[in-house]
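Chains, contacts and geometry: an overview
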Amino acid sequence: MTVRRLTLFATMFPVLLAGGLAIAQTGKAPPVAGKANAGGEPRSPDGRRYLAQPLVTKIFAADPSAHVFNGKIYVYPSHDIDSGIPDDDLGSQYAMRDYRVLSMDRPGGPVTIHPVGIDVGQIPWASKQTWAPDAAYKNGTYYLYMPARDKQGVFRIGVATSKSPTGPFKAEPLPIRGSFSIDPAVFSDTDGESYMYFGGIWGGQLQRWANGRFDANAGDTDLKQDDKPALAPKVARMSADMKQFAEAPRDVQIVDEAGKPILGGDHERRFFEASWLFKRSGKYYFTYSTGDTHFLAYAIGDNPYGPFRYTGHIMTPVQGWTTHHSIIEFKNRWWLFYHDTQLSNRNNLRSAKMTEMTFRPDGTINPIDPFKD
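Residues numbered from 1 in each chain as written. Predicted model: local features only at pLDDT ≥ 70, side-chain atom pairs only at ≥ 80, totals over all residues. Heavy atoms only, no water.

Description of the pattern of salt bridges
Inspection of the entire model under this criterion finds 23 salt bridges. Of the charged contacts, one joins Asp 63 and Arg 350 as a salt bridge, the two residues approaching to 3.8 Å between their closest N and O atoms. A residue pair is termed long-range when its members are at least 10 positions apart, and Asp 63 in strand S1 (residues 60-69) and Arg 350 in the loop between strand S20 (333-340) and strand S21 (351-357) qualify at 287 residues. There is no split in this pair, since Asp 63 and Arg 350 are both buried. (Salt bridge = Lys/Arg side-chain N within 4 Å of Asp/Glu carboxyl O. Helix = DSSP H or I, 4+ residues; strand = E, 2+ residues; numbered from the N terminus. Buried < 20%, exposed > 50% of the residue type's maximum accessible area, 1.4 Å probe, protein only.)

Okay, here's the thing in structure tokens:
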């Protein structure tokens, strides 16, 4: 889940508020968004053709976290709604209240929208804003990891469980001890150990934890120290029951080609939010969003803790301000899940998409353009 800078894209992608309200009431997108040209192919407001089409159109599903369970693809997205809240840099307009799982038998196949898996009212410790989730499976149980504001307005990360990948999920009474910020992503390695990667600056509050405890006065964006190492995402190994951290969270170091930390002023490479980790050919790929420069980026390391050497961009900017993704392997092919604002032209009403991702012989990723032209 991401926040936005008010001055960007406000005029590029306008849409009537009434249209957004109609979406919330009917589940249908307004006809002005992603309108097709005479040839019938949807185009962006500036005339470009989209690389991929939304997985679903009856709901707005953002921040798609995809997994392969039992030979099927399950996607755990944020459920965007029109809250009527004005945009701000802290993401107040992203007022999601529940989670609904998507599933498909294969890429390109029909997508099922499952009933609500859990609502914010069923999470005892949470007050509002169920942002980008993730999921995991172990020993017959499915785990849903959920960031939300607690009763004091501080983002924490909680967990809910189910015997079904689609829920319903039952939340633990308290958030994970020692958790904070947003965007959990859980990676399970081949040795059976699992790790949670998390964090996000700006509305994700990571800058307010820079000294190890919450500081409400630490600012709304970053530390504004462009010549010093950028704020780092966090990683913690999970306990055997997948419900707690087995250790204190530590920094995920993202370094340049010389092994030096990426600096705070390097907005095209520094971490903003949306951690995701996958393993390929013995290498660990830490992937993330650069936020206000709108890239999906990646860095490669030799173990789950890093350090990870910055390697490049996975995807150039999509339509809309936010960019948040996941990456899976399915039947020996790799797939990138992402979102954009094709159906709404509004930054807080986004649609999940997917496209194939390929690698060069040296293991680097062939960059993806979300538009065909």
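What to know about the packing of aromatic side chains
Counted under the stated rule, the structure contains 29 aromatic pairs. A centroid spacing of 5.2 Å and a plane angle of 70° characterise the contact between Phe 69 and Tyr 142, whose relative ring orientation is edge-to-face. A residue pair is termed long-range when its members are at least 10 positions apart, and Phe 69 in strand S1 and Tyr 142 in strand S7 (residues 141-150) qualify at 73 residues. In this structure, Phe 69 and Tyr 142 share a single accessibility class: buried. With centroids separated by 5.8 Å and ring planes inclined at 35°, the aromatic side chains of Trp 202 and Trp 321 adopt a geometry described as tilted. Of this pair, Trp 202 sits in the loop between strand S11 (194-198) and strand S12 (234-237) while Trp 321 sits in the loop between strand S18 (308-315) and strand S19 (326-330), and the two are 119 residues apart along the sequence. Residue Trp 202 shares its accessibility class with Trp 321, and that shared class is buried. An aromatic cluster is present here, built from Phe 69, Tyr 74, Tyr 76, Tyr 137 and Tyr 142 joined pairwise through their rings. Between the NZ or CZ atom of Arg 48 and the centre of the ring of Phe 371, over which it lies, the distance is 3.6 Å. A cation over an aromatic ring shows up here: Arg 280 above the ring of Phe 359, its NZ or CZ 3.9 Å from the ring centre. (Phe/Tyr/Trp six-rings, centres within 6.5 Å; stacked < 30°, edge-to-face > 60°. Lys NZ or Arg CZ within 6 Å of the ring centre and 35° of its normal.)

Some details on the sheet that holds S18
To summarise the sheet geometry, strands pair through backbone hydrogen bonds and adopt either a parallel or an antiparallel arrangement. Strand order in this open sheet of 5 strands is S14-S18-S17-S16-S15, and the pairing throughout is mixed. Here the strands that pair on one side only, and so sit at the sheet edges, are strand S14 (254-255) and strand S15 (273-280). As paired elements, strand S17 (residues 296-301) and S18 share 5 bridges and run antiparallel to each other. Bridge pairing in S18 links Ile 300 to Arg 309. (Pairing = 2+ DSSP bridges.)

So, the pairing of strand S3 (residues 98-104)
The buried fraction of S3 amounts to 6 of the 7 residues, a majority that puts the element mostly inside the structure. Bridge analysis of strand S2 (residues 72-80) against S3 gives 3 bridges, and the strand direction is antiparallel. Residue pairing across strands places Ile 73 opposite Met 104, the latter belonging to S3. Taken together, the 5 bridges between S3 and strand S4 (residues 112-119) define a ladder with antiparallel strand orientation. Counted as the bridge partner of Arg 100 is Val 116 from S4.

Quick notes on empty space enclosed by the protein
In this approach, a probe sized like a water molecule rolls over the atoms, and the result shows the empty space that is left. The full count for this structure, using the stated rule, is 3 cavities of 30 Å³ or more. The calculated volume of the largest cavity comes to roughly 110 Å³. Taken together, 13 residues make up the lining of the largest cavity; nearest its centre are Asp 222, Leu 223, Ala 230, Leu 231 and Gly 264. Among the residues making up the lining of the largest cavity, the classes are represented as 6 nonpolar, 2 polar and 5 charged. Here the second largest cavity is characterised by a volume of approximately 60 Å³. Lining of the second largest cavity is provided by 13 residues; of these, Ser 65, Pro 133, Pro 184, Trp 276 and His 324 occupy positions nearest its centre. Looking at the lining of the second largest cavity, the elements with two or more residues in it are S1 and S15. At 3 residues, the largest contribution of residues to the lining of the second largest cavity is made by S1. In the lining of the second largest cavity, the residues fall into 6 nonpolar, 4 polar and 3 charged. (1 Å grid on protein atoms, 1.4 Å probe; cavity = no way out; pocket = protein on both sides within 12 Å on 5 of 7 lines; lining within 4 Å. Points joined across faces, edges and corners; volume = space filled by probe spheres on them. Nonpolar A, V, L, I, M, F, W, Y, C, P; charged D, E, K, R; others polar.)

Focus on the environment of Gln 205
Within the secondary structure layout, Gln 205 lies in the loop between S11 and S12. The exposure class of Gln 205 is buried, given its relative accessible area of 3%. It is 7.9 Å that separates the C-alpha atoms of Gln 205 and Ile 182, two residues lying 23 residues apart in sequence. Those residues within four positions of Gln 205 in sequence are excluded, and the remaining contacts are Arg 149, Gly 153, Val 154, Phe 155, Gly 200 and Phe 214. Within the structure, Gln 205 has its side chain in polar contact with the backbone nitrogen of Phe 155 (distance 2.9 Å). (Contact = heavy atoms within 4.5 Å. Polar contact = N/O pair within 3.5 Å; in protein donor to acceptor, adjacent residues only side chain to side chain.)

With respect to the sheet that holds S19
Spatial ordering of the open sheet is given by S19-S20-S21, a layout of 3 strands whose pairing is antiparallel. Taken across any chain shown, the strands that pair with only one partner, and hence form the sheet edges, are S19 and S21. With direction set aside, neighbouring strand axes in the sheet form an average angle of 30°. The pairing of S20 with S21 spans 7 bridges and is antiparallel. Across the sheet, residue Leu 336 finds its bridge partner in S21, namely Thr 355. (Axes fitted to C-alpha atoms, helices over the stretch in contact; angles between N-to-C directions.)

A short note on the environment of Val 101
Structurally, Val 101 can be placed in strand S3. Exposure remark for Val 101: the relative accessible area of 3% places this residue in the buried category. Residues Val 101 and Pro 64 lie 37 residues apart in sequence; the distance between their C-alpha atoms is 9.6 Å. If we ignore the near neighbours within four places in the chain, the residues touching Val 101 are Tyr 74, Val 75, Tyr 76, Pro 77, Thr 112, Ile 113, His 114, Pro 165, Thr 166 and Phe 169.

Read these as geometric descriptors, not functional statements.
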